[in-house]
Amino acid sequence: MTTIAIREPSRVCPAADDQPSGIGLRPGSPDDAGPAGAICYEAFKTIAEQHGFALDFPSSDIATDLISHLLSRSDIHAVIAERDGRVVGSNFLWEGDAVAGVGPVTVDPSVQNRAVGRQLMEAVLERARQQGISAVRLVQAACHARSLSLYTKLGFVVREPLAVLQGQPPGMQVDGRAVRTATEADLDAAHELCRRVHGHNRANALRDAIGQGTATVVEHERRITGYATEIGFLGHAVGETTDDLKALIAAAPSFSGPGFLLPMRNAELFRWCLEQSLRVVQPMTLMSIGPYQEPQGAFLPSVLY
């Protein structure tokens with residue numbers, strides 16, 4: 001993750017187990033960015049080094065910039081865990097769209113095995129219930145068995161096995177499809193496409209991406225058949241067909257962060273990406289609580305969902 005142009009959150013990081021801890025929870029504030037950012041950096045760095053993955057954050061400063069950004073947003077609810085007045089963990093609920101996303105949730109190694117991760121997860125799920133949000137999703141690090149077990153016990157259901165892919169974008173045109181920068185005039189068509197594929201739209205995420213200049217659309221036979229907020233860790237994409245996603249991937253200037261997330265059940269797209277010399281960085285898992293429509297088209301999730 002080399003830039004902090006945030007559209008979506010980073011993934012749910014390893015948490016803790018089921019032991020009572022006596023940790024206190026409170027809403028986050030901008031003053032928490034420093035300690036929470038340092039914990040976020042170390043948590044992801046530890047897992048990356050254990051498994052030989054690329055770092056999510058090149059430095060603690062970049063992780064702190066991310067956390068600072070999340071704490072500044074009115075559409076993100078932050079929860080801070082404290083012990084003896086010291087920040088020991090954080091979690092975030094993204095409330096801007098109909099489906100809420102969770103993460104990043106990170107815990108100081110000094111208090112792991114004390115159910116801090118469970119408490120942080122229960123806090124954001126309770127927040128979702130209070131806000132009347134019935135659908136909550138996250139992306140889990142597939143290498144981490146304990147977090148998979150925790151989220152399953154909390155009610156999450158595995159929906160998609162994912163592969164994070166990185167490499168040089170192919171730069172080719174795909175089957176007569178044209179890719180261009182998205183504008184606000186494209187919003188209605190893109191929202192309708194997302195509703196057809198997922199049963200809901202992601203209006204806020206797309207609007208933010210258009211404002212930041214990262215969103216693209218693909219056109220085929222003079223109509224929009226796909227869009228991407230960005231091809232990368234923080235972006236999502238939707239297409240009528242796999243060829244629409246191929247076009248968006250091929251036209252990307254680069255794949256931001258550790259890479260983009262691809263549902264491995266789309267074997268055609270997965271195989272095509274590998275044939276273009278893209279490489280698998282790590283496996284992840286899309287999980288959900290509440291209503292979930294099996295996608296009726298092709299898609300790339302963000303590290304949120």
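Heads up: the structure comes first, above all this text.
Below you will find a few notes about this structure. (Residues numbered from 1 in each chain as written. Predicted model: local features only at pLDDT ≥ 70, side-chain atom pairs only at ≥ 80, totals over all residues. Heavy atoms only, no water.)

Before going further, it helps to examine helix α2 (residues 60-72). Spacing of three or four residues puts side chains on the same side of an α-helix, whose turn is 3.6 residues. Helix length check: α2, at 13 residues, gives a terminal C-alpha distance of 18 Å against a target of 18 Å (1.5 Å per residue), a fit within 8%. When α2 is considered as a whole, its buried residues turn out to be Ile62, Ala63, Thr64, Leu66, Ile67, Leu70 and Leu71. Considering only its buried residues, α2 is in contact with α1 (33-51), β2 (76-83) and β3 (86-94). (Helix = DSSP H or I, 4+ residues; strand = E, 2+ residues; numbered from the N terminus. Expected span 1.5 Å × (residues − 1). Buried < 20%, exposed > 50% of the residue type's maximum accessible area, 1.4 Å probe, protein only. Contact = heavy atoms within 4.5 Å.)

So, about helix α4 (residues 145-153). Every buried residue of α4 is listed here: Ser147, Leu150 and Tyr151. Buried residues of α4 fall within an arc of 95° about the axis and therefore sit on the same side. Away from its buried face, by an angle of more than 90 degrees, α4 presents the exposed residues Ala145 and Lys153. The inward-facing, buried residues of α4 abut α3 (116-130), β6 (136-141) and β13 (279-289). (Arc of directions from axis to C-beta.)

This next bit is on the sheet that holds strand β11 (residues 237-239). Across the sheet, which stays open at both edges, the five strands sit in the order β8-β9-β10-β11-β14 with antiparallel pairing between neighbours. Only two strands of the sheet have a single neighbouring strand rather than two, namely β8 (178-181) and β14 (298-300). Averaged over all pairs of adjacent strands, the angle between their axes in this sheet comes to 25°, without regard to strand direction. One ladder, built from three bridges, connects strand β10 (residues 223-228) with β11; its direction is antiparallel. Across the sheet, the residue bridging to glycine 226 is glycine 239, located in β11. Against the sheet, helix α7 (residues 242-251) touches β8, β9 (216-220), β10, β11 and β14, its axis set at about 140° to β11. (Pairing = 2+ DSSP bridges. Axes fitted to C-alpha atoms, helices over the stretch in contact; angles between N-to-C directions.)

This part covers the pairing of β9. Here β8 runs beside β9; their pairing, made up of four bridges, is antiparallel. Across the sheet, residue arginine 180 finds its bridge partner in β9, namely valine 217. Relative to β10, β9 is paired through five bridges, and the arrangement is antiparallel. Its bridge partner lying in β10, valine 217 is registered against tyrosine 227. Here β9 folds back onto β10, and the loop between the two strands holds two residues, one of which, glutamate 221, carries a positive phi near 55°.

This brings us to the side chain of aspartate 244. Within the element layout of this structure, aspartate 244 appears in helix α7. Under the relative-accessibility criterion, aspartate 244 is labelled buried at 0%. At 2.7 Å, the side chain of aspartate 244 and the side chain of threonine 225 are in polar contact. Contacts of aspartate 244, omitting those with residues within four sequence positions, involve Arg177, Val218, Thr225 and Gly239. (Polar contact = N/O pair within 3.5 Å; in protein donor to acceptor, adjacent residues only side chain to side chain.)

This brings us to the pattern of salt bridges. For the coordinates displayed, the defined rule picks out 20 salt bridges. Note that arginine 73 is salt-bridged to aspartate 75, the shortest N-O span being 2.8 Å. Here the salt bridges do not stand alone but share partners, grouping Arg26, Asp32 and Glu82 into one network. (Salt bridge = Lys/Arg side-chain N within 4 Å of Asp/Glu carboxyl O.)

So, about the packing of aromatic side chains. By the definition in use, this model includes three aromatic pairs. Geometrically, the ring pair formed by tyrosine 151 and phenylalanine 156 is edge-to-face, given 6.3 Å between the ring centres and 70° between the ring planes. In this pair, the class of tyrosine 151 matches that of phenylalanine 156, namely buried. In this structure, arginine 137 packs its charged tip against the face of tyrosine 305, placed 5.7 Å from the ring centre. One residue, arginine 202, lies across the ring of tyrosine 305, its end atom 3.8 Å from the ring centre. (Phe/Tyr/Trp six-rings, centres within 6.5 Å; stacked < 30°, edge-to-face > 60°. Lys NZ or Arg CZ within 6 Å of the ring centre and 35° of its normal.)

Turning next to the side chain of aspartate 32. Inspection of the secondary structure assignment puts aspartate 32 in the loop between β1 (24-27) and α1. In this structure aspartate 32 comes out as buried when scored by relative accessible area, which is 4%. Residue contacts for aspartate 32: discarding those within four places in its chain leaves Arg26, Pro27, Gly37, Leu71, Ile80 and Val87.

Judged from the six bridges that link them, β6 and β13 form a sheet pairing that is antiparallel. Considered in β13, the bridge of valine 136 is made with isoleucine 289. Taken together, the nine bridges between strand β7 (residues 157-166) and β13 define a ladder with antiparallel strand orientation. Residue glutamine 166 lies in a different strand from β13, and its bridge partner there is arginine 279.

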